2 protein chains.
Amino acid sequence: CETVQDDENTMSILVASDVHLGYIEKNGERGKDSFVALEEIFTIAKERNVDFVLLGGDLFHENKPSRKTLHTAMELFQKYCLGDRPCSVKVVSDQAVNFGHTSSSITCVNYENPNVNISLPVFSIHGNHDDPSGAGELSAIDLLSVTGLLNHFGKQTKLDVISLSPVLLQKGTTKLALYGLEKGSMRDERLHRLFLNHLVTMLRPKESLDDWFNVFVLHQNRSKHGATNYIPEQFLDDFFDLIIWGHEHECLINPQWNPIKRFFVMQPGSPVATSLCEGESKQKKVAVVKIRGREMKTDIIPLKTVRQLYVENITLADGVHPPAGSSPEAIEALSQAYCEEVVERLLLRAQSQKSGHPRQPRKPLIRLRVDYSGFDIFNAYRFGAKFADRVSNPENIVHFLKKSVKKIRDDL
Amino acid sequence: CETVQDDENTMSILVASDVHLGYIEKNGERGKDSFVALEEIFTIAKERNVDFVLLGGDLFHENKPSRKTLHTAMELFQKYCLGDRPCSVKVVSDQAVNFGHTSSSITCVNYENPNVNISLPVFSIHGNHDDPSGAGELSAIDLLSVTGLLNHFGKQTKLDVISLSPVLLQKGTTKLALYGLEKGSMRDERLHRLFLNHLVTMLRPKESLDDWFNVFVLHQNRSKHGATNYIPEQFLDDFFDLIIWGHEHECLINPQWNPIKRFFVMQPGSPVATSLCEGESKQKKVAVVKIRGREMKTDIIPLKTVRQLYVENITLADGVHPPAGSSPEAIEALSQAYCEEVVERLLLRAQSQKSGHPRQPRKPLIRLRVDYSGFDIFNAYRFGAKFADRVSNPENIVHFLKKSVKKIRDDL
Ligand SMILES: [Mn+2]
Ligand SMILES: [Mn+2]
Ligand SMILES: [Mn+2]
Ligand SMILES: [Mn+2]
């Protein structure tokens, strides 16, 4: 794939997902993290001069974002997506079908609207957080699409048979067929069954079938949660070249080769940790995917404004050795001291791993998963208060568990 | 005022107010009335080729409009306000001050934004229905302003002293100073007191003071409700030439001359009857105000798509004369028959007064205010059911009262 060079035949796409705009917006410390992340993503997109941004769902954290969140999102799209730079990717499919599903007033891709000056097009499906609801089955992202700020694709309205019509994009000689799967209010199990029963059909371009680079964007469980509430990779059509997998928040954006299906899978993850788990503590990144003909090249770009997260599993029995006959108070003091040590160590690590970006928040997130078998728990809230000036989540630094207890992951 | 002709020095303004978008949106019969009204207003504005639309507040009925209502509003603004027609009114005041109060990303009037193509500018203040709330003190109309669809002016943030900076508009030799007063969350009584204590100051243009035609838009009680929860006309500065008075729903849009203050007052009223009272039953109209120099001419334009409303006061004792010894059932039957007669008469009148516009709703609103002194009430709901096919408010056609009871008006 090293042969892809930037030229008039190279389509360049910034890939990201799960920005969760408005996540804990009322939190004075962390409430702006999601907006800072979107701003960094847009900044990278402009610096890299990509043809468009492709998002994998959950742009908004709440189904009904607050007015402030909607307003700030609109400000950012206005600021970064409008301008004079011409867009050189042509949409050659039926644009009203691709984008007009929620509004008859949307008849084309936003940058072909003669009344709005788009310099950075954004294409997105919705996720489970910003799924359609209420009268008109509208998603929060439809307020961006109706105002010309975003191209919402992937809508399917049937629940029994799904057939997906791609957005066909062309730049020079390169042809990209972009498929999006929105499950709307459909349950994972149901979608799983539709795939099993071959009731999910991908419509293919009629002409020059082999010339198309085929990308599929979906927003589903990828890891197995129960027997059928996830989508196994082997369900997906093998004519795809690249799968963009939204919803999973761990950043696994380096394209993973599936040797059986012969496609790559990119899992952008979320730039905002909505759960303090190990997956989310990995470095957050976005990617610029360059496609020329049927070839693809990927630049992975670490995000520099993301709030740092350190998750550490510790066992009190390993580090706390109270002398025989110690009082409960003395034992608790030792337990706390041990945990404090770990927090201090993580804070040092955070300090040394700062990105240097002026907008990266000063205070990291710290999570100790404390196996307290054989010990008493202590007041985690009071413990955290000591770090209020240095940790952004003092209220829940320590999470007590016993060895046998499995982590139930938060909702993505 | 008959001397104002259309020319390059004539500013032409469509004046309307209180559109209450989304009013009873879930009502299958009447839920779309507010959107039809806005569409007619925009259509008139385009036919008359006005320079801009000026709205007096309560564009949205709910402080937090549903997604569907916001989306439909955005669709209509997109459809009617975008396009290539050039806007020839210049804003000569500080535009960031005038319009940028809720977003630093708004630095100018929408039609000077190089990235959005505005053909029909709209200027509006908010009302009490769409007043600012929540984080950032944003109004629903700010979601239109941040996307470049509307120019939100009149913001004042202080509660103790108000000084209003006008939007200064110029077309050819005509100069218009446009003042808007938004009370935000301030109570009427408080605003009344600020006026009384001369704490509301209108900033004036520094140069050629006498050349400006001065318009003041406010959204307040005009009729007296209690001693101090309204704004008397005599409180207003007498340098104004024209007052546009929003909030009152009765259409009194013909300019009324105030001989003491020497200004005109226009009260556009609401195109959607949100209360079934006599005031709302008057013909709904909008106006095109033409200003050249210090002269003004007004064209009054009846709205043709508005749902008809007929309100009639009747007294059972006047029309119902049961023979002596009649059973209660017999008397009730006579009362109902009398009311039915009146409804039939009003329906005939409605039929004869149809505008002929294809979008005017078929079923009118009918309200009988029934003085039942000396009689028993009957089941108004069952009574109305007979008219379900011909009246749009069968559930509350009849409103029983006794003579002494005064009508308490609904919230405007
Ligand atoms: Mn998700
Ligand atoms: Mn997510
Ligand atoms: Mn009002
Ligand atoms: Mn009103």
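Below, the structure is looked at part by part. (Residues numbered from 1 in each chain as written. Chains lettered and ligands numbered in written order. Predicted model: local features only at pLDDT ≥ 70, side-chain atom pairs only at ≥ 80, totals over all residues. Heavy atoms only, no water.)

**Brief notes about the overall build of chain A**
Tallying secondary structure elements over chain A gives nine helices and 18 strands in all. Relative to the globule expectation of 22 Å for 412 residues, the C-alpha radius of gyration of chain A, 23 Å, shows essentially globular dimensions. Taken along its principal axes, the extent of the C-alpha atoms in chain A is 80 × 50 × 45 Å. A buried classification covers 59% of the 412 residues belonging to chain A. Looking at chain A alone, contacts between residues at least 24 apart form 75% of all its contacts between residues at least 6 apart. In the form shown here, chain A has an accessible surface area of approximately 17,400 Å², with 50% of it arising from carbon and sulfur atoms. Taking the 50 positively charged and 52 negatively charged side chains of chain A as two groups, their mean positions are separated by 1 Å. (Helix = DSSP H or I, 4+ residues; strand = E, 2+ residues; numbered from the N terminus. Rg over C-alpha atoms; globule rule 2.2 N^0.38 Å. Buried < 20%, exposed > 50% of the residue type's maximum accessible area, 1.4 Å probe, protein only. Contact = heavy atoms within 4.5 Å. Areas by Shrake-Rupley, 256 points an atom, 1.4 Å probe, with all protein chains shown as cover. Lys, Arg positive; Asp, Glu negative; His and termini not counted. Charge placed at Lys NZ, Arg CZ, Asp CG, Glu CD.)

**Let's talk about empty space enclosed by the protein**
Gaps left between atoms are located by rolling a probe of water-molecule size over the structure's atoms. Enumeration according to the criterion identifies six cavities of 30 Å³ or more in this entry. Its boundaries defined by the atoms lining it, the largest cavity holds a volume of some 90 Å³. What lines the largest cavity is A:Tyr23, A:Arg30, A:Asp33, A:Ala37, A:Pro271, A:Val272, A:Ala273, A:Thr305, A:Val306, A:Arg307 and A:Leu365. For the lining of the largest cavity, the per-class residue count stands at seven nonpolar, one polar and three charged. Its volume calculated, the second largest cavity comes out at about 50 Å³. Lining the second largest cavity are A:Gln78, A:Leu82, A:Val116, A:Thr147, A:Leu149, B:Gln78, B:Leu82, B:Val116, B:Thr147 and B:Leu149. (1 Å grid on protein atoms, 1.4 Å probe; cavity = no way out; pocket = protein on both sides within 12 Å on 5 of 7 lines; lining within 4 Å. Points joined across faces, edges and corners; volume = space filled by probe spheres on them. Nonpolar A, V, L, I, M, F, W, Y, C, P; charged D, E, K, R; others polar.)

**A word on the relation of the copies chain A and chain B**
Note on the identical chains: chain A maps onto chain B by a rotation of 180° and an axial translation of 0.0 Å, with an RMSD of 0.1 Å. Accordingly, the operation relating the two chain copies is best matched by a two-fold axis. Minimal C-alpha separation from the rotation axis in chain A is found for A:Val116, amounting to 2.4 Å. Residue by residue, 100% of the interface of chain A is reproduced at the interface of chain B, so both copies engage with the same surface. (Least-squares fit on C-alpha atoms with pLDDT ≥ 70 in both.)

**Some details on the packing of aromatic side chains**
Enumeration according to the criterion identifies 28 aromatic pairs over all chains in this entry. Here A:Phe42 and A:Phe77 contribute two aromatic rings whose centre-to-centre distance is 5.0 Å and whose plane-to-plane angle is 85°, an arrangement assigned as edge-to-face. Placement of the pair is A:Phe42 in helix H1 (residues 33–47) and A:Phe77 in helix H2 (residues 67–81), with a sequence separation of 35 residues. Judged on exposure class, the residue A:Phe42 and its partner A:Phe77 are both buried. What links up through ring pairs into an aromatic cluster is the set A:Tyr372, A:Phe378, A:Phe383, A:Phe387 and A:Phe400. If you follow A:Arg222 out to its NZ or CZ, it ends over the ring of A:Trp245, 5.5 Å from the centre. The aromatic ring of B:Phe239 is capped on one face by B:Arg204, whose charged end is 3.7 Å from the ring centroid. (Phe/Tyr/Trp six-rings, centres within 6.5 Å; stacked < 30°, edge-to-face > 60°. Lys NZ or Arg CZ within 6 Å of the ring centre and 35° of its normal.)

**Quick word on the interface of chain A and chain B**
Listed as interface residues are 35 residues of chain A and, on the opposing side, 35 residues of chain B. Summing both partners gives a buried area of about 2,500 Å² for chain A against chain B, and 60% of it is carried by carbon and sulfur. When the buried area of chain A at its contact with chain B is split by residue, A:Arg67, A:His71 and A:Asn115 rank highest and sum to 31% of it. Here chain A and chain B share zero salt bridges between them. (Buried area = accessible area lost by both parts, 1.4 Å probe. Salt bridge = Lys/Arg side-chain N within 4 Å of Asp/Glu carboxyl O.)

**Considerations on the side chain of A:Gln360**
All names here are of chain A. Within the secondary structure, glutamine 360 sits in the loop between helix H8 (328–352) and strand E17 (365–371). Within the structure, the side chain of glutamine 360 is placed 2.8 Å from the backbone nitrogen of serine 355, a separation counted as a polar contact. Those residues in contact with glutamine 360 that lie beyond four places of it in its chain are Lys304, Thr305, Val306, Gln308, Lys354 and Ser355. (Polar contact = N/O pair within 3.5 Å; in protein donor to acceptor, adjacent residues only side chain to side chain.)

**Digging into the sheet that holds strand E2 (residues 52–55) of chain B**
All names here are of chain B. Taken together, the six strands give an open sheet; going across it, the order is E5-E4-E2-E1-E14-E15, and neighbouring strands pair in mixed fashion. Each edge of the open sheet carries a strand with a single partner, namely strand E5 (151–152) and strand E15 (295–302). Bridge count between strand E14 (residues 285–292) and E15: eight bridges; the pairing is antiparallel. Residue pairing across strands places valine 288 opposite aspartate 299, the latter belonging to E15. Packing of helix H1 (residues 33–47) onto the sheet brings it into contact with strand E1 (10–16), E2, strand E4 (122–124), E14 and E15, and relative to E1 it is tilted by some 170°. (Pairing = 2+ DSSP bridges. Axes fitted to C-alpha atoms, helices over the stretch in contact; angles between N-to-C directions.)

**What about the side chain of A:Arg67?**
Here A:Arg67 lies in helix H2. This buried residue, A:Arg67, is left without a salt bridge; B:Asp142 holds the nearest opposite charge, at 6.3 Å. Other than its neighbours up to four places away in sequence, A:Arg67 contacts B:Asn63, B:Lys64, B:Pro65, B:Asp131, B:Ser133, B:Leu138, B:Ser139, B:Ala140 and B:Leu143.

**A closer look at the pairing of strand E10 (residues 212–219) of chain A**
All names here are of chain A. The buried count for E10 comes to eight of eight residues, which makes it a mostly enclosed element. Judged by which residues are buried, E10 turns out to be covered on both faces: Trp212, Asn214, Phe216 and Leu218 on one side and Phe213, Val215, Val217 and His219 on the other are all buried. Bridge count for E10 against strand E11 (residues 242–246) is five bridges, and the pairing is parallel. Among the inter-strand pairings, valine 215 is bridged to a residue of E11, identified as leucine 242.

**Quick look at H2(A)**
All names here are of chain A. Given a rise of 1.5 Å per residue, 15 residues ought to cover 21 Å, and the 20 Å separating the end C-alpha atoms of H2 matches this to within 8%. Of all 15 residues making up H2, 13 are buried, and the element is well covered by its neighbours. Looking one or two residues beyond H2, the residue adopting positive phi is glycine 83, at roughly 155°. (Expected span 1.5 Å × (residues − 1).)

**Focus on the pairing of strand E8 (residues 174–181) of chain A**
All names here are of chain A. Counted residue by residue, E8 has eight buried out of eight residues, so it is predominantly covered. Of the two faces of E8, the one lined by Thr174, Leu176, Leu178 and Gly180 and the one lined by Lys175, Ala177, Tyr179 and Leu181 are each fully buried. Sheet analysis places strand E7 (residues 167–171) next to E8, joined by five bridges and oriented antiparallel. Bridge pairing links valine 167 to leucine 178 in E8.

**Notes on the layout of surface pockets**
By volume, the largest pocket is sized at about 1,000 Å³. Lining the largest pocket are 44 residues, and of these B:Ser66, B:Arg67, B:Lys68, B:Thr69 and B:Leu70 sit closest to its centre. Sorting the residues of the lining of the largest pocket by element identifies H2 of chain A together with H1 and helix H2 (67–81) of chain B as the ones contributing at least two each. In terms of residue count, the dominant contributor to the lining of the largest pocket is H2(B) (nine residues). If you add up the space inside the second largest pocket, you get close to 760 Å³. Together, 38 residues line the second largest pocket, and A:Thr72, A:Glu75, A:Leu76, B:Ser103 and B:Ser105 are the ones closest to its centre. Those elements that provide at least two residues to the lining of the second largest pocket are H1 and H2 of chain A together with helix H4 (141–146) and E5 of chain B.

**Details of the sheet that holds strand E3 (residues 90–91) of chain B**
Spatially, seven strands are ordered E3-E7-E8-E10-E11-E13-E12 (chain B) in an open sheet, and the strand pairing comes out mixed. Of all strands in the sheet, those bounded by a partner on one side alone are E3 and strand E12 (252–258) of chain B.

Any link to function would need more than the numbers given here.
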